[in-house]
Structure formats: structure tokens, C-alpha cells
Amino acid sequence: MAHRMFRKNSKLSASEEEYLEAIYKEQTESKERVKVKDLAKDLGVKDPSVVEMLSRLSDKGLITRDRSGAALTDRGLNEAMRVVRRHKLAERLLCDVFGHELPGVHEHACEFEHVFDDELTEKIDDLLKRPATCPHGGPIPRLSGESVQPAKPLSDLACGESCTVVTIPEERESVERLLALNILPGSRVKVVEKLPRGAIMLQCGKMQVALSRDIASKILVKRPEMGRVRHRARHGQR
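Cut-offs and rules
- Residues numbered from 1 in each chain as written.
- Predicted model: local features only at pLDDT ≥ 70, side-chain atom pairs only at ≥ 80, totals over all residues.
- Heavy atoms only, no water.
- Helix = DSSP H or I, 4+ residues; strand = E, 2+ residues; numbered from the N terminus.
- Buried < 20%, exposed > 50% of the residue type's maximum accessible area, 1.4 Å probe, protein only.
- Contact = heavy atoms within 4.5 Å.
- Areas by Shrake-Rupley, 256 points an atom, 1.4 Å probe, with all protein chains shown as cover.
- Salt bridge = Lys/Arg side-chain N within 4 Å of Asp/Glu carboxyl O.
- Core = buried A, V, L, I, M, F, W, Y, C linked by side-chain atoms within 4.5 Å.
- Patch = residues over 30% accessible without salt bridge, like charges linked within 9 Å, V, L, I, M, F, W, Y side chains within 5 Å.
- Pairing = 2+ DSSP bridges.
- Axes fitted to C-alpha atoms, helices over the stretch in contact; angles between N-to-C directions.
- Parallel < 35°, antiparallel > 145°, perpendicular 65-115°, else oblique.

Assigned secondary structure in the protein chain consists of 9 helices and 8 strands. Counting over 238 residues, the protein chain shows a buried share of 41%. Counting contacts in the protein chain only where the partners sit at least 6 residues apart, residues at least 24 apart contribute 64% of the total. Surface summary for the protein chain: the accessible area is close to 13,600 Å², and the carbon and sulfur share equals 51%.

Among the secondary structure elements, C159 is positioned in the loop between β3 (152-153) and β4 (162-167). Each C-alpha atom, one on C159 and one on L202, is 9.3 Å from the other, the two residues being 43 residues apart in sequence. Contacts of C159, omitting those with residues within four sequence positions, involve V191, V192, E193 and K194.

Inspection of the secondary structure assignment puts I63 in strand β1 (residues 63-66). For I63 and G76, which are 13 residues apart along the polypeptide, the C-alpha to C-alpha distance reads 6.1 Å. Excluding residues within four positions of it along the chain, I63 makes contact with L20, I23, L54, L57, S58, A70, A71, L72 and T73.

Here we come to the pattern of salt bridges. The tally for this structure, following the rule as stated, stands at 15 salt bridges. The shortest N-O distance in the salt bridge between E170 and K88 comes to 3.9 Å. With E170 in the loop between β4 and α7 (172-180) and K88 in helix α4 (residues 74-97), the pair connects residues that are 82 residues apart, well separated along the chain. In this pair, the class of E170 matches that of K88, namely buried. D214 is the salt-bridge partner of K218, the closest N and O atoms lying 3.6 Å from each other. Counted as one network, the salt bridges with shared partners bring together R85, E122, D125, R130 and R142.

If you check the backbone angles, K129 has positive phi at about 65 degrees while not being a glycine. Positionally, K129 belongs in the loop between α6 (118-127) and β3. Overall, K129 belongs to the exposed group, its relative accessible area being 71%. A positive phi angle is found at R130, which is not glycine, with a value near 50 degrees. Inspection of the secondary structure puts R130 in the loop between α6 and β3. Using a relative accessible area of 46% as the deciding quantity, one classes R130 as partly exposed.

Counting 24 residues, the largest nonpolar core has L154, I183, L202 and L211 as the members making the most contacts within it. Of all the secondary-structure elements, those providing two or more residues to this core are α4, β4, α7, β5 (188-194), β6 (200-204), β7 (207-211) and α8 (213-217). Here this core gets 3 residues from one element, more than from any other, and that element is β6. With sequence-adjacent residues up to four places away left out, I183 is seen in contact with V165, I168, L178, L202, C204, V209 and L211. Counting 20 residues, the second-largest nonpolar core is a separate cluster that includes I23, I63, A70 and L72.

Glancing now at a nonpolar patch on the surface. Taken together, the side chains of V97, F98 and L127 define a hydrophobic patch exposed on the protein surface, amounting to about 330 Å² of accessible area. Along the chain, F98 turns up in the loop between α4 and α5 (105-112).

Once that is clear, we can look at the sheet that holds β4. Strand order in this open sheet of 6 strands is β3-β8-β4-β5-β6-β7, and the pairing throughout is antiparallel. Edge strands, defined here as strands with exactly one partner in the open sheet, are β3 and β7. Here β6 pairs with β7 via 5 bridges, running antiparallel. Looking at β7, one finds that M201 is bridged to A210.

Turning to the packing of helix α1 (residues 14-30) against α4, a few remarks are in order. In contact at an axis separation of 8 Å, α1 and α4 are set at 95 degrees when each is read in the N-to-C sense. Compared by their axis directions, α1 and α4 come out roughly perpendicular. Residues E17, L20, E21 and Y24 of α1 pack against L77, E79, A80, M81, V83, V84, R86 and H87 of α4.

Purely spatial values, then, with no claim about function.
Now the structure itself:
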């Protein structure tokens with residue numbers, strides 16, 4: 001019997017999965033309950049639509065809600081991680097196997113994340129030899145436990161600090177801008193100057209480039225001491 005490639009009769013709609021994914025990303029970044037206005041901005045919808053969806057997700061036991069915002073339950077977290085995992089592996093498949101250029105891969109992966117089932121997702125993971133990150137540098141969740149990278153926004157660094165880029169934003173416009181500047185996961189950059197209105201001047205190789213605060217805040221970086229702390233924590237201090 002042929003293996004089922006696509007999900008059928010899913011308990012969650014594509015829209016519900018998109019909300020869980022958005023809540024997961026916001027919650028992972030801020031460690032706080034997610035506000036209606038932030039979800040509305042992320043998803044490009046109106047506040048009433050968010051409120052209606054949060055009510056549905058709450059009724060299904062996927063989130064909890066109060067005046068401060070929404071948070072995933074254990075079940076909601078598990079479902080959200082599955083969606084994020086499918087999305088990031090779809091990005092890897094498109095880039096590594098089909099040679100899709102990085103700009104635009106996020107948007108195409110959004111279509112695949114709602115049709116892959118768990119069985120096919122694991123086959124893709126095996127085919128790709130279990131990659132740790134997506135093409136943008138973000139960690140690919142493991143259902144047995146997520147590996148969190150010690151990273152912080154580039155915009156938080158002080159003048160004179162050097163760092164390694166861990167994750168770049170996924171949106172096509174941002175990716176195209178960063179590709180042109182050769183700022184990608186693994187790139188070494190140094191904060192040269194904090195400019196008016198939050199812009200940042202960076203030393204990247206032999207070039208100095210300016211980034212807006214908006215895009216700099218979406219780039220996650222790792223300072224040298226972050227790696228040393230992680231190394232000590234893993235092996236223990238004598």
C-alpha cells in the first residue's frame with residue numbers, strides 16, 4: 001500500500017496552524033504572553049479576527065487566555081512545534097534539494113507546512129540528514145525537545161562589540177537586503193556606531209554597512225562569550 005503523503009482530515013485547519021505558529025514564534029522570542037495586537041500585526045489581520053481565533057484555540061485546549069494575552073498549553077506547544085518543524089524542513093528541502101534561492105523560500109514553505117504529514121516530515125528529515133537549522137539559521141524543533149541557541153538581537157549590542165550572525169529574518173525583502181550585504185548565518189560582524197533613529201553601522205568584512213533598527217532587531221547574533229559560557233555549562237567547571 002502506498003504511503004499517505006499529505007495530511008487528510010486534520011483536526012486543525014491551516015488557519016489554526018498559522019496562529020499556533022505565530023504564537024510560538026512570539027512566545028519564544030519574548031518569553032511573555034502574546035498580545036492580540038502583535039498577532040494581528042504578524043498575520044496581517046484585524047484585531048477582531050484574532051480574538052475570534054484565540055477563542056477557538058482556547059476551546060480546543062491549545063492556548064490559555066487572560067487580559068495580558070495568550071500562551072500555548074503543553075498540547076498547543078506540541079502542535080505548534082510540529083508546524084514550525086514542517087515549515088523549516090520544507091525550506092531546507094526547497095533550498096538543498098531543489099536549489100531554490102533563499103529569497104522567497106519562506107513564502108513557498110508556508111504552503112507545504114499545511115499538507116505534509118508527520119510520516120513524510122520524518123522522511124524529509126532523514127533525506128536531509130537531520131539538519132539542525134533552517135536556511136535562515138533558525139533551529140529546527142525536535143519533538144523530543146528543542147535545542148535553543150544562546151542568541152540575542154543585533155540591535156542590543158553596544159558599539160565595538162563583535163558577534164556571529166545566528167539567524168536572519170525570513171521575509172523576502174529582508175533576505176534580499178542581507179544577501180546583497182553578505183550578512184548571512186555564520187557571518188562575523190562588528191558594531192561600529194549607533195546612528196540616529198536606531199540605525200546601526202556595521203563592519204562586515206572590508207565593508208561598512210548601515211542597517212535599520214527594524215531589520216537589526218530581527219537578526220539574532222551570538223557574542224564570543226556566549227559560546228564560552230555554553231561550553232563551560234556543557235562540560236562543567238572544575
